[in-house]
Amino acid sequence: MELPEATNFIEQYINEDLASGKYEGRGNQIVVRFPPEPNGYLHIGHVKALCINFGVKEKYNGKINLRMDDTNPAKEDYEYVNSIIDAVKWLGFEYDNLFFASDYYDKLYEIAEKYIMDGNAYVCDLTAEEITATRGTLTEAGKESPYRNRSVEENLKLFREMRDGVYPDGAKVLRAKIDMSSPNINMRDPVIYRIAHVPHYRQGDKWCIYPMYDFAHPVSDALEGITHSLCSLEFENHRPLYDWVIEKAGFAQPVPRQIEFARLNITNTLMSKRYLKKLVDEGFVSGWDDPRMPTLMGLKNRGVPPMALRKFCADVGVAKNYGVVNIAQLEECVRDELNTTAERAMAVTDPVKLTITNYEGEEELDFEKNPTDGSGATRPVKFTGSVYIEKSDFALEPPPKFKRLFKGGYVRLKAAYIVRCDDVVLDEKGEVKEILCTYFPETRSGSEVKSEVKAKGVIQWVDAKYGKDAEFVTYKPLLKDEEYPDQDYAERLNCDSIRITEGKVEPYAAESSDKSFQLMRTGYYKACGCASGKARLSEIVSLKDNFNK
RNA sequence: UGGGGUGUCGCCAAGCGGUAAGGCACGGGAUUUUGAUUCCCGCAUUCGUAGGUUCAAAUCCUGCCACCCCAGCCA
């Protein structure tokens, strides 16, 4: 059998399993799943798991299920399942099935009764506190529950009464009967069913007992015929329990195999749902889709192309080392993707007026949409000889090797003409108020005419007459230093992803649904490409806040 | 200090007994109507550490050290 070349340890395991012939009865089909709990929004950390799972599906021509791991009714809702589905689709992933763990409640219940009848589970009356107290510690074994040896009949009766709503929340639980002295605390008779008189968003009032993750997850995997259950490192300690649950449930071989990998961490990026929620709840951001949030909705609104996120995950790779990827690596992927796909636009964020004294009338210039795609496609840009340029593109006292404009110097206005600065108008404070220039008609962009006039640099501009209609959306600082919810998180909060920029203003398109940004010059985001073509930054940038001072 | 994991360049990460891939970052040079892009070139005699086995070790063995995870009726 032809095995694809493994590029990470997970694929190595899969290849070994395939080579062993254990899936021959199933046509050697690999089946994986992506199992989020619909209790929140997907963020960039989830993209790694998505890429790994969908990557396996692609590579092995297998199947993948999107499964909502909805076993805790208190936290879950359709709002989240819809948002998760949208996010997965936005990333361009196509799953084979959409499943819900809650659809397995009947089967799960049946298996729980089997556990009882096989003597592998018992109803325990201990309170949550008592269970904790008798669980033992990292170094001491736990104590067996006094209810551990109830008869099968009694257990069955009690469990059915639990199901029928006879007991209040917390009165009883169903526990797996494993080993209270196991060095692995997860094996010390873990709770597998709890009572919760809470309606489920999909099952309504049908149940008042709900299965725990450690029980529901392996069973769900087995029911779906999952071959490889990929999850993050913190579940390594649960693997023996995962295997136990499947074995005692009596599933036929081959059963799913759990493999763990390190989750994604990015410098200065908050991946904790708890703190992200706090930002939303306390009004630090406009919502889960605020472009400063590391949620997929936020990244989308910020203009990050989905393919950039996928490339990022591919670049980062899969391993078991705890690592923190520098956000520069993500940014490079965004730039790379945008460089080849985004339409270019000119933008000015800190403007100063430049007037060409020998220019009259107005004209339309051709602006190349994307110099890297080879299409040569252009769009018209109006030019009236009176424009705004970036303040930093002009220097009263040019430093050595300065390539842009200064008095007596030449520069090209991108897609337009080369201009020479003849004079500068200063205001009462000595700040540059207006730059007066002469332009050279023969240097028109695209002109074949040879000119003696040369310019070392090229700068962006926005026409003073036609660029003014636009609106400029600015970021406000997210939090002041003393307002961080927790000092430990201050550093991580102070990050690019959620735009705590110490008051620094950065542009972003608020209305368009499909925005993108590009790092045009080292140090700051300047121009914006827009796939939808609706809002180019030259239109967004503006003028409102900055130009009328 | 019980158990489970992990330690390879500033950051990710290949490597699986035969003499350290790649990406990001960084530095240098060329091209350039974005100081962008593109393009070359440079960037670990060394793999947590101390020993051992071997002709040969990041890869095998042993002992240390460091960091992460586990005591929810969350997932």
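Residues numbered from 1 in each chain as written. Chains lettered and ligands numbered in written order. Predicted model: local features only at pLDDT ≥ 70, side-chain atom pairs only at ≥ 80, totals over all residues. Heavy atoms only, no water.

*Asks:* What should I look at first to understand the overall build of chain A in this one?
*Replies:* Counting its secondary structure elements, chain A contains 15 helices and 22 strands. Counting contacts in chain A only where the partners sit at least 6 residues apart, residues at least 24 apart contribute 71% of the total. Accessible surface, chain A as shown: approximately 25500 Å² in total, 47% of it carbon and sulfur. (Helix = DSSP H or I, 4+ residues; strand = E, 2+ residues; numbered from the N terminus. Contact = heavy atoms within 4.5 Å. Areas by Shrake-Rupley, 256 points an atom, 1.4 Å probe, with all protein chains shown as cover.)

*Asks:* Even after reading the chapter, I still don't get the environment of aspartate 169, so can you show me in this structure?
*Replies:* Structurally, the position occupied by aspartate 169 is in the loop between α6 (152-163) and β5 (173-176). Between the C-alpha atoms of aspartate 169 and lysine 277, which are 108 residues apart in sequence, the distance is 27 Å. With residues near it in sequence (within four places) discarded, aspartate 169 still touches Ile195, Ala196 and His197. Among the polar contacts listed, one links the side chain of aspartate 169 to the backbone nitrogen of histidine 197, at a separation of 2.8 Å. (Polar contact = N/O pair within 3.5 Å; in protein donor to acceptor, adjacent residues only side chain to side chain.)

*Asks:* Where do I start with the packing of aromatic side chains in this structure?
*Replies:* For any pair of aromatic rings, geometry is given as the distance between the ring centres together with the angle between the planes. Counted according to the given criterion, the structure contains 21 aromatic pairs. Aromatic side chains phenylalanine 9 and tyrosine 13 sit 5.9 Å apart centroid to centroid with 90° between the ring planes, which places their arrangement in the edge-to-face category. With phenylalanine 9 and tyrosine 13 both in helix α1 (residues 9-19) and 4 residues apart, this pair spans about one turn of that helix. Using a relative accessible area of 17% as the deciding quantity, one classes phenylalanine 9 as buried. Given the relative accessible area of 30%, tyrosine 13 is considered partly exposed. (Phe/Tyr/Trp six-rings, centres within 6.5 Å; stacked < 30°, edge-to-face > 60°. Buried < 20%, exposed > 50% of the residue type's maximum accessible area, 1.4 Å probe, protein only.)

*Asks:* Help me understand the sheet that holds strand β7 (residues 209-211), please; the structure alone is not making it clear to me.
*Replies:* Sheet strands pair by backbone hydrogen bonding; their relative direction is either parallel or antiparallel. If you trace the 4 strands from one edge of the open sheet to the other, you get β4-β5-β6-β7, paired in antiparallel fashion. The open sheet has two free edges, formed respectively by β4 (121-124) and β7, since each of these has just one partner strand. Between one strand axis and the next, the sheet turns by 20° as a mean value, whatever way the strands run. Sheet analysis places β4 next to β5, joined by 4 bridges and oriented antiparallel. Its bridge partner lying in β5, cysteine 124 is registered against valine 173. Strand contacts of α6: β4, β5, β6 (191-195) and β7, with the helix running at about 60° to β4, the strand carrying the most contacts. (Pairing = 2+ DSSP bridges. Axes fitted to C-alpha atoms, helices over the stretch in contact; angles between N-to-C directions.)

*Asks:* So what exactly am I meant to see when it comes to the nonpolar core here?
*Replies:* Nonpolar side chains tend to gather and get buried jointly when the protein is soluble and globular. Counting 52 residues, the largest nonpolar core has Ile44, Leu296, Leu309 and Phe312 as its most contacted members. In terms of residue count, the dominant contributor to this core is helix α2 (residues 44-59) (8 residues). In contact with leucine 309, not counting residues within four places along its chain, are Ile44, Val47, Trp90, Leu91, Leu296, Leu299, Val304 and Leu330. Core analysis: the next-biggest nonpolar cluster, separate from the first, contains 33 residues, Leu108, Tyr109, Leu174 and Tyr193 among them. (Core = buried A, V, L, I, M, F, W, Y, C linked by side-chain atoms within 4.5 Å.)

*Asks:* Explanation requested: the side chain of arginine 150 in the structure shown.
*Replies:* In this fold, arginine 150 is placed in the loop between α5 (128-134) and α6. When its relative accessible area of 15% is taken as the criterion, arginine 150 is described as buried. At 2.5 Å, the side chain of arginine 150 forms a polar contact with the side chain of aspartate 125. Residue contacts for arginine 150: discarding those within four places in its chain leaves Val123, Cys124, Asp125, Asn155, Leu158 and Lys172.

*Asks:* What am I meant to see in the packing of helix α7 (residues 213-223) against helix α8 (residues 239-249) here?
*Replies:* Angle between the axes and distance between the axes: these two values describe a pair of packed helices. Contact pair α7 / α8: the axes reach a minimum separation of 9 Å and the direction vectors enclose 60°. With respect to their mutual orientation, α7 and α8 come out oblique. Here the hand of the crossing between α7 and α8 comes out right-handed. Contacts between α7 and α8 pair Asp214, Phe215, His217, Pro218, Val219, Asp221 and Ala222 from the former with Leu241, Tyr242, Val245 and Ile246 from the latter. When the residues that make up the contact of α7 with α8 are grouped by side-chain class, the tally is 8 nonpolar, 1 polar and 2 charged. (Parallel < 35°, antiparallel > 145°, perpendicular 65-115°, else oblique. Left-handed = near helix turned anticlockwise from the far one by under 90°. Nonpolar A, V, L, I, M, F, W, Y, C, P; charged D, E, K, R; others polar.)

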